[in-house]
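Spelled out from the first residue to the last, the chains are:
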Amino acid sequence: MANLKQALQIYDICSFLEGEHIRLGIGGFYPRRIKRTFIVNLVTVFAYIITIAQMAVVINFVLSITDIVTITEVLLFSMTQVGFVNKLVNFHRNSRKVATLDELISQEIFTRVTVAEMDIMKTSFQRCQKVLNIFLLSCFGVTLLYGVVPAVNGIMTGTKMYPFPGKFPFNPDDYFVLIYGGEVATVAVSAWNNGAMDCLFTKHTVIATTLFRILRKKIKDLHYNTNEGERPLENRIKHCVRYYNEIIKYVSAIENIFAYGILVQFMCSAIVICLTGFQLLVVASESGQSGLLVVYLFCMMFQLVLYCWYGHMLMEESNRITEACYAINWHEMKIGQQKMLITIMERAKKPIALKALGIFRLNLSTLMTILRSSYSYFAVLQQIYRNDKIMALVTN
């Protein structure tokens, strides 16, 4: 037991979240990371104003047209903005609760680890970061293409083209550079903050999954320590019970903070994937717009997979706790120790699953449901588009 205590080290789990803390802190959306100066407050207000203004211009434009191709083109990014604004407001509203997540994972019961447990954490976190780097690269690609493709198309056609069509109370061509830059800035603000919130949620989910993996190891290690004496073994089992309770509290806090934003995100994602697929069907490939749409579709699909895949991994890992309890030589333990194991097993009968406002579980089944819904919407849009084309031919 003394050797075990000497092997324990302190690992700062919050360091895994540092990148997201800084990115959201710059915009004033993460509590206590960056001092709220006038500049930070200005950035926060700017993020809200430019996003809402872009949505207002687009909605005004949609109400003035009837062409389904143009409408879907405009709504494509706007639905992403709807999801982003809801997530941002929800995150901002729960900013104090967000700080409690850092406090929960900074507890000594989680940060005081053995060398083997530290290796488990580092390996899980590094793998997650590599996946998120690909996602962030796709977000950067979308921002870059939204800024470049309309400009290139405009040069080739000799007209002034914008990232998003919109209806203004003035002639936008008189302020072309300002409006063009504002629309690109809208994409950049969304990619910066929305991507950071997606990564923050993903990392918290991975941390919870990793803690369950470590708990499983702690339980399995009881198998090799049944001869160390009644009191030391009982203390180790009690430690596992406390560890389990703290993980449950942590996962519950994650769900309470992000649940509403995730629900809106899922609803918007189903529509956005549908609209992007439809635009790929009708857009001219030589315009360069198809490349933008492919990258955008990849980014949106990746975002959806992050939530569902890592949510599924959390559920699966929590489901293995009962197996770990069965795997040890529990029959050699005292009755009191066996009862404590039963406490863990009874709680583990119900897997820990993150939910979107209690409606959707974050797992692969939900991912397939959303994709099926997107395809259904896409089929309806495709049929409407074909009927419009037939009616146009008949009229002519």
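Residues numbered from 1 in each chain as written. Predicted model: local features only at pLDDT ≥ 70, side-chain atom pairs only at ≥ 80, totals over all residues. Heavy atoms only, no water.

**Student:** Kindly report on the overall build of the protein, identifying the contributing residues and their values.
**Tutor:** When its secondary structure is counted, the protein shows 13 helices and four strands. With respect to the principal axes defined by its C-alpha atoms, the protein has extents near 90 × 50 × 30 Å. In the protein, which comprises 396 residues, the share counted as buried stands at 50%. Here the contacts in the protein between residues at least 6 apart in sequence split such that 81% fall between residues at least 24 apart. Accessible surface for the protein amounts to roughly 19,200 Å². Of this, 63% is attributable to carbon and sulfur atoms. (Helix = DSSP H or I, 4+ residues; strand = E, 2+ residues; numbered from the N terminus. Buried < 20%, exposed > 50% of the residue type's maximum accessible area, 1.4 Å probe, protein only. Contact = heavy atoms within 4.5 Å. Areas by Shrake-Rupley, 256 points an atom, 1.4 Å probe, with all protein chains shown as cover.)

**Student:** How would you explain the side chain of Thr72 if you had to name every residue and give the values?
**Tutor:** Position of Thr72 among the secondary structure elements: in helix α4 (residues 68–93). At 2.8 Å, the side chain of Thr72 forms a polar contact with the backbone oxygen of Val69. If we skip the residues at most four places from it in the chain, Thr72 touches Leu275, Phe278, Gln279 and Leu381. (Polar contact = N/O pair within 3.5 Å; in protein donor to acceptor, adjacent residues only side chain to side chain.)

**Student:** Any details on helix α7 (residues 115–157)? Residues and values, ideally.
**Tutor:** Taking 1.5 Å per residue, 43 residues should reach 63 Å; α7 reaches 62 Å between its end C-alpha atoms and fits that length. Bending of α7 peaks at approximately 30° at the position of Leu145. (Expected span 1.5 Å × (residues − 1). Bend = angle between axes of the 7 residues up to and from the residue.)

**Student:** So what's going on with the state of the cysteines? Residues and values would help.
**Tutor:** Applying the stated criterion across every chain, the model contains zero disulfides. There is no disulfide at Cys240, and the cysteine sulfur nearest it, in Cys325, is 8.2 Å away. (Disulfide = S-S within 2.5 Å.)

**Student:** Run through the UniProt feature "transmembrane region" (unreviewed entry) in the protein, naming residues and quoting values.
**Tutor:** UniProt's entry tags residues 38–62, 68–89, 131–155, 175–193, 257–284 and 290–310 with the feature "transmembrane region" (unreviewed entry), counted in the numbering of this structure. This span, residues 68–89, is 100% helix and 0% strand, and a straight line between its end C-alpha atoms measures 30 Å. The span residues 175–193 shows a helical share of 95% and a strand share of 0%, and its end C-alpha atoms are spaced 27 Å apart. (UniProt positions renumbered as here; feature names shortened; annotations may be inferred.)

**Student:** Tell me about empty space enclosed by the protein, and name the residues and values.
**Tutor:** Under the defined criterion, the tally for this structure stands at three cavities of 30 Å³ or more. Estimated volume of the largest cavity: approximately 160 Å³. Taken together, 16 residues form the lining of the largest cavity, with Thr80, Cys139, Ser190, Ala191 and Cys299 sitting closest to its centre. Sorting elements by how many residues they give to the lining of the largest cavity places helix α8 (residues 176–221) first, with six residues. Here the lining of the largest cavity is composed, by residue class, of nine nonpolar, six polar and one charged. (1 Å grid on protein atoms, 1.4 Å probe; cavity = no way out; pocket = protein on both sides within 12 Å on 5 of 7 lines; lining within 4 Å. Points joined across faces, edges and corners; volume = space filled by probe spheres on them. Nonpolar A, V, L, I, M, F, W, Y, C, P; charged D, E, K, R; others polar.)

**Student:** Outline the packing of aromatic side chains, listing residues and values.
**Tutor:** Throughout the structure, instances matching the rule amount to 18 aromatic pairs. With centroids separated by 4.2 Å and ring planes inclined at 10°, the aromatic side chains of Phe16 and Phe125 adopt a geometry described as stacked. Within this pair, whereas Phe16 is found in the loop between β1 (9–10) and α2 (18–26), its partner Phe125 is found in helix α7, the two being separated by 109 residues in sequence. Of the two residues, Phe16 and Phe125, both sit in the buried class. For Arg23, the ring lying beneath its charged end belongs to Trp192, and the centroid distance is 5.7 Å. Sitting over the face of the ring of Phe16, Lys203 holds its NZ or CZ atom 4.7 Å from the ring centroid. (Phe/Tyr/Trp six-rings, centres within 6.5 Å; stacked < 30°, edge-to-face > 60°. Lys NZ or Arg CZ within 6 Å of the ring centre and 35° of its normal.)

**Student:** Any chance you could break down the packing of α8 against helix α10 (residues 289–319) for me, citing the residues and the numbers?
**Tutor:** Packed helices, taken two at a time, are described by the angle between their axes plus the distance between the axes. α10 packs onto α8 with a crossing angle of 15° between their chain directions and a minimal axis gap of 9 Å. Relative to α10, the element α8 lies roughly parallel. In the crossing of α8 with α10, the sense of the turn from one axis to the other is left-handed. Judged by residue contacts, Asn194, Asp198, Phe201, Thr202, Thr205, Val206, Ala208, Thr209, Phe212, Arg213 and Arg216 of α8 engage Gln303, Leu306, Tyr307, Tyr310, Gly311, Met313, Leu314, Glu317 and Ser318 from α10. Here the contact of α8 with α10 is built from residues that sort into nine nonpolar, seven polar and four charged. (Axes fitted to C-alpha atoms, helices over the stretch in contact; angles between N-to-C directions. Parallel < 35°, antiparallel > 145°, perpendicular 65-115°, else oblique. Left-handed = near helix turned anticlockwise from the far one by under 90°.)

**Student:** I'd like to hear about the pattern of salt bridges, residue by residue, with values.
**Tutor:** According to the stated counting rule, one finds twelve salt bridges in the structure shown. Note that Arg112 is salt-bridged to Glu108, the shortest N-O span being 3.9 Å. One salt bridge connects Arg320 with Glu317, and the closest N-O pair in it is separated by 3.1 Å. Counted as one network, the salt bridges with shared partners bring together Arg213, Arg216, Glu317 and Arg320. (Salt bridge = Lys/Arg side-chain N within 4 Å of Asp/Glu carboxyl O.)

**Student:** Any chance you could break down the packing of α10 against helix α13 (residues 364–395) for me, citing the residues and the numbers?
**Tutor:** Put simply, α10 and α13 touch, their axes get as near as 8 Å, and they point 150° apart. Taken as axis vectors, α10 and α13 run roughly antiparallel relative to one another. Taking contact as the criterion, the partners of Met301, Leu304, Val305, Cys308, Trp309 and His312 in α10 are, on α13, Leu364, Leu367, Ile370 and Leu371. Grouping the constituent residues of the contact of α10 with α13 by class yields nine nonpolar, one polar and no charged.

**Student:** Go over the side chain of Lys218, please, and point to the residues and values.
**Tutor:** Tracing the sequence through the fold places Lys218 in helix α8. Once you skip the residues sitting within four places of it in the chain, Lys218 turns out to touch Glu117, His239, Cys240 and Tyr243.

**Student:** So what's going on with the environment of Met300? Residues and values would help.
**Tutor:** Locating Met300 in the fold gives a position in helix α10. Classification of Met300 as buried rests on a relative accessible area of 4%. With 220 residues separating them in the primary sequence, Met300 and Thr80 have C-alpha atoms 8.8 Å apart. Once you skip the residues sitting within four places of it in the chain, Met300 turns out to touch Thr80, Gln265, Ser269, Val272 and Ile273.

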